[in-house]
Amino acid sequence: MIFSDAFMAIADPNRRYLLEELRRGPKTVNELASGLPVSRPAVSQHLKVLLDAGLVQAKAEGTRRVYTVSNTGFLKLNIWLDQFWEA
């Protein structure tokens with residue numbers, strides 16, 4: 001289920017940081033890693049979790065992958081959360 005995956009994905013502070021950075025615009029792993037005290041491979045692993053949860057997307061540009069926030073992934077999460085505010 002995407003919601004439990006998404007909640008597990010955003011539970012980690014490093015992944016929340018990555019999402020906040022990507023909210024500002026598309027970035028590569030190197031750009032994202034520069035703001036974290038973890039290695040580039042660790043950032044790649046965090047991005048894989050976010051990809052699997054449907055919260056980010058990746059696009060190949062030459063030899064680089066550029067990551068962006070997935071509006072569709074967040075829309076599904078928002079729709080699920082909104083049911084608790086409508087009651």
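Refer to the preceding data block for the structure.
Keep in mind it's a predicted model, so treat the numbers as computed, not measured.

### Notes on the sheet that holds strand S2 (residues 56-61)
In spatial order, the strands read S1-S3-S2; together these three strands make up an open sheet with antiparallel pairing. Every other strand in the sheet has two partners, leaving strand S1 (27-28) and S2 as the edge strands with one partner each. Strands S2 and strand S3 (64-69) of the sheet are contacted by helix H4 (residues 40-52), whose axis makes an angle of about 115° with S2.

### Regarding H4
With 13 residues, H4 should cover 18 Å at 1.5 Å per step; its first-to-last C-alpha distance of 18 Å lies within 8% of that length. Looking at H4, one finds that the buried residues are Ala42, Val43, His46, Leu47 and Leu50. Angular distribution of buried residues about the axis of H4 spans 140°; they occupy a single face of the element. Turned more than 90 degrees away from the buried face of H4 sit Pro41, Gln45 and Asp52, all of them exposed. Gly54 sits one or two residues past H4 and shows a positive phi near 80°.

### Things to note about a nonpolar patch on the surface
Residues Phe7, Leu81, Phe84 and Trp85 make up a contiguous nonpolar surface patch of about 460 Å² in total accessible area. The topology assignment puts Leu81 in helix H5 (residues 71-82). For Leu81, a relative accessible area of 30% gives the class partly exposed.

### Focus on the nonpolar core
Within soluble globular proteins, side chains that are nonpolar generally end up buried alongside one another. Ranked by internal contacts, the top residues of the largest apolar core, which has 17 residues, are Leu18, Val43, Leu47, Leu50 and Leu55. Listing elements by their share of this core, those giving two or more residues are helix H1 (2-10), helix H2 (13-23), helix H3 (29-33) and H4. Residue contacts for Leu50: discarding those within four places in its chain leaves Ala9, Arg15, Leu18, Leu19, Leu55 and Val56.

### Thoughts on the pairing of S3
Both S1 and S3 contribute to a ladder of two bridges, which runs antiparallel. The residue of S3 that forms the bridge with Thr28 is Val66. In this sheet, S3 lies alongside S2 in antiparallel orientation, the contact comprising six bridges. Its bridge partner lying in S3, Ala58 is registered against Tyr67. Linking S2 back to S3 in an antiparallel pair, the connection comprises two residues, with Gly62 at a positive phi of about 70°.

Rules of the game
Residues numbered from 1 in each chain as written. Predicted model: local features only at pLDDT ≥ 70, side-chain atom pairs only at ≥ 80, totals over all residues. Heavy atoms only, no water. Pairing = 2+ DSSP bridges. Helix = DSSP H or I, 4+ residues; strand = E, 2+ residues; numbered from the N terminus. Contact = heavy atoms within 4.5 Å. Axes fitted to C-alpha atoms, helices over the stretch in contact; angles between N-to-C directions. Expected span 1.5 Å × (residues − 1). Buried < 20%, exposed > 50% of the residue type's maximum accessible area, 1.4 Å probe, protein only. Arc of directions from axis to C-beta. Patch = residues over 30% accessible without salt bridge, like charges linked within 9 Å, V, L, I, M, F, W, Y side chains within 5 Å. Areas by Shrake-Rupley, 256 points an atom, 1.4 Å probe, with all protein chains shown as cover. Salt bridge = Lys/Arg side-chain N within 4 Å of Asp/Glu carboxyl O. Core = buried A, V, L, I, M, F, W, Y, C linked by side-chain atoms within 4.5 Å.

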